[in-house]
Number of protein chains: 2
Amino acid sequence: MKLYTTPRAPNPRRVSIFLAEKGVTVPTVEIDIMTLEHKRPDFVARNPMMRVPVLELDDGTHISESIAICRYFEETHPEPSLFGTSPVERALIEMWQRRMEFNLMLPVAMSFRHLHPAMAEMEVPQVAEWGEANKPKVMEMLDWLDQDLGDRPYVAGDTFSVADITTLVAVDFMKPARLALPETCANIRRWYTDVSARPSAAA
Amino acid sequence: MKLYTTPRAPNPRRVSIFLAEKGVTVPTVEIDIMTLEHKRPDFVARNPMMRVPVLELDDGTHISESIAICRYFEETHPEPSLFGTSPVERALIEMWQRRMEFNLMLPVAMSFRHLHPAMAEMEVPQVAEWGEANKPKVMEMLDWLDQDLGDRPYVAGDTFSVADITTLVAVDFMKPARLALPETCANIRRWYTDVSARPSAAA
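Residues numbered from 1 in each chain as written. Chains lettered and ligands numbered in written order. Predicted model: local features only at pLDDT ≥ 70, side-chain atom pairs only at ≥ 80, totals over all residues. Heavy atoms only, no water.

- With an unreviewed UniProt entry as reference, chain A is termed glutathione transferase, source organism Microbaculum marinum.

Okay, here's the thing in structure tokens:
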């Protein structure tokens, strides 16, 4: 088994944190996005979507999409559970994971990709107006999440889950996207301090 | 149990098709998006994201996000499986579901929301340049999917899955988005004829 990945990039980091929480170590192969290694034929054969990370199993099967890779490890290493254990819990964790992915991580990514000069060759065309339109979406979502986090320790409830991983990565992704977490978001700050102190956050 | 939903809208339709494939009937409450019923306090209390569908369980739990609702029914009604049965199959179906969601359904939705006059009050601001930028993304994805579908009957492999549901809804969503499936996409057309003929497609 091998994980083709790029250190520090947001989606690969979701898998790295997930594996650290599970206590699973997988040999990695580093893909350099800056030199367009993800567009070389040998990588495209592993993931035609040309995105990291990709998990290669010993039989040659390739699994891409960070959350699909996480789910594979949830199935093969059920403890500690990060996707929930009962039907309702699994549905609610999936709901929160997706809320954070579509309403926080995606708008942060859109701001970054459509406004940051370093992305001019990766995101064609860069649409500055769309990048700007996403900034208030991020702020609205943070304001709402901050109120909602007042009554529970973690994003999806009483236990740390994959929804916290997506949220942590999205909040840290705000820095290169040149977005600041408002001082007023006291509950998010309390949560952020807590989840950032977990050893997995260093992944 | 009640499903708050809007007939014919793309995301609610994913759940309707899923339930039809499972042979599960759930009482529904219709939410009229055109009269902004999804922004009324009683609905916002059910889903603060103000989106349909929402599943209300008998204990008052609310599950939103179409794929989270589908997963709940996968857990409570495992047959026929639409998310896969082994760890690898589950990961690959999730991979394909997400590939289709992020690289086909989302660009179709972006074209629709940022270019269609009927969406001017729902998508603020409409960024026409971003709507236009998504059209070639849709076409590139269709060209690639068409080649890939040459060697198997369904999107994620040999059996119908939730990935086919997302893809079918995305392809049908192309019509209001004023996008046409290219004549050259023979494999997608063969697949589309097949999945559209399933009784669930009428949902």
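**Some remarks on the overall build of chain A**
- Looking only at helices and strands, chain A has seven helices and four strands in total.
- Counted from the first residue to the last, chain A has its helices and strands arranged as β-α-β-α-β-β-α-α-α-α-α.
- Here chain A has a C-alpha radius of gyration of 17 Å; the compact-globule value for 203 residues is 17 Å, and the two agree.
- In terms of overall dimensions, chain A has C-alpha extents of about 45 × 45 × 25 Å along its principal axes.
- Relative to its full complement of 203 residues, chain A shows a buried share of 53%.
- A separation threshold of at least 6 residues defines the contact pool for chain A, and within that pool the share at least 24 residues apart is 65%.
- About 8,900 Å² of surface is accessible on chain A, with carbon and sulfur atoms providing 54% of the total.
- In chain A, 22 side chains carry a positive charge and 29 a negative one; their mean positions are 3 Å apart. (Helix = DSSP H or I, 4+ residues; strand = E, 2+ residues; numbered from the N terminus. Rg over C-alpha atoms; globule rule 2.2 N^0.38 Å. Buried < 20%, exposed > 50% of the residue type's maximum accessible area, 1.4 Å probe, protein only. Contact = heavy atoms within 4.5 Å. Areas by Shrake-Rupley, 256 points an atom, 1.4 Å probe, with all protein chains shown as cover. Lys, Arg positive; Asp, Glu negative; His and termini not counted. Charge placed at Lys NZ, Arg CZ, Asp CG, Glu CD.)

**Things to note about the relation of the copies chain B and chain A**
- Of the transformation superimposing chain B on chain A, the axial component is 0.0 Å and the angular component is 180°, with the fit at an RMSD of 0.0 Å. What we have between these two chains is a two-fold relation. Distance from the rotation axis, computed per C-alpha, reaches its smallest value in chain B at W130(B): 3.3 Å.
- Mapped onto chain A, 100% of the interface residues of chain B again fall at the interface, so both copies present the same surface. (Least-squares fit on C-alpha atoms with pLDDT ≥ 70 in both.)

**Brief notes about the environment of P199(A)**
- As for its placement among the helices and strands, P199(A) is situated in the segment after α7 (186-196).
- Here the alpha-carbon distance between P199(A) and A20(A), two residues 179 residues apart in the chain, equals 7.8 Å.

**Regarding the interface of chain B and chain A**
- If you look at the interface, chain B gives 43 residues, while chain A gives 43 residues.
- Across the chain B-chain A interface, the total number found is ten salt bridges.
- Note that E75(B) is salt-bridged to R90(A), the shortest N-O span being 2.9 Å.
- At the boundary of chain B and chain A, one finds 14 residue pairs in polar contact (both at pLDDT 80 or more).
- Listed by contribution, the elements that provide at least two residues to the side of chain B that touches chain A are β4 (62-64), α3 (66-76), α4 (87-115) and α5 (128-148) of chain B.
- In terms of residue count, the dominant contributor to the side of chain B that touches chain A is α4(B) (16 residues).
- For the side of chain B that touches chain A, the residue count by class is 21 nonpolar, nine polar and 13 charged. (Salt bridge = Lys/Arg side-chain N within 4 Å of Asp/Glu carboxyl O. Polar contact = N/O pair within 3.5 Å; in protein donor to acceptor, adjacent residues only side chain to side chain. Nonpolar A, V, L, I, M, F, W, Y, C, P; charged D, E, K, R; others polar.)

**With respect to the UniProt feature "domain: GST C-terminal" (unreviewed entry) in chain A**
- Annotation from UniProt places "domain: GST C-terminal" (unreviewed entry) at residues 86-203 of chain A.
- Each end of residues 86-203 of chain A is marked by a C-alpha atom, and these two atoms are 28 Å apart; helix forms 62% of the span and strand 0%. (UniProt positions renumbered as here; feature names shortened; annotations may be inferred.)

**Quick look at the nonpolar core**
- Counting 112 residues, the largest nonpolar core has L55(A), F73(A), W191(A), L55(B), F73(B) and W191(B) as the members making the most contacts within it.
- When sequence neighbours within four positions are dropped, the list of residues in contact with F73(B) reads M1(B), F18(B), L19(B), K22(B), V24(B), V26(B), L55(B) and P78(B). (Core = buried A, V, L, I, M, F, W, Y, C linked by side-chain atoms within 4.5 Å.)

**What to know about the layout of surface pockets**
- Taken as a whole, the second largest pocket spans an internal volume of roughly 340 Å³.
- Around the second largest pocket, the lining is made up of 20 residues, and of these R71(A), E75(A), R90(A), E75(B) and R90(B) lie nearest the centre.
- Those elements giving two or more residues to the lining of the second largest pocket turn out to be α3 (66-76) of chain A together with α3 of chain B.
- The residue inventory of the lining of the second largest pocket, partitioned by class, reads four nonpolar, six polar and ten charged. (1 Å grid on protein atoms, 1.4 Å probe; cavity = no way out; pocket = protein on both sides within 12 Å on 5 of 7 lines; lining within 4 Å. Points joined across faces, edges and corners; volume = space filled by probe spheres on them.)

**Notes on the UniProt feature "domain: GST N-terminal" (unreviewed entry) in chain A**
- Under the local residue numbering, the UniProt record ascribes the feature "domain: GST N-terminal" (unreviewed entry) to residues 1-81 of chain A.
- For the annotated span residues 1-81 of chain A, helix accounts for 37% and strand for 16% of the residues, and the straight-line distance between the end C-alpha atoms is 22 Å.

**Concerning the packing of aromatic side chains**
- Under the criterion given, the structure shown has 16 aromatic pairs over all chains.
- Seen from their ring centres, F102(A) and F102(B) are 5.0 Å apart, and the 15° between their planes marks the pair as stacked. One end of the pair, F102(A), is in helix α4 (residues 87-115); the other, F102(B), is in helix α4, on a second chain.
- The residue whose ring lies beneath R71(A) is F83(A), and the NZ or CZ to ring-centre distance is 4.3 Å.
- For R152(A), the ring lying beneath its charged end belongs to W96(A), and the centroid distance is 4.6 Å. (Phe/Tyr/Trp six-rings, centres within 6.5 Å; stacked < 30°, edge-to-face > 60°. Lys NZ or Arg CZ within 6 Å of the ring centre and 35° of its normal.)

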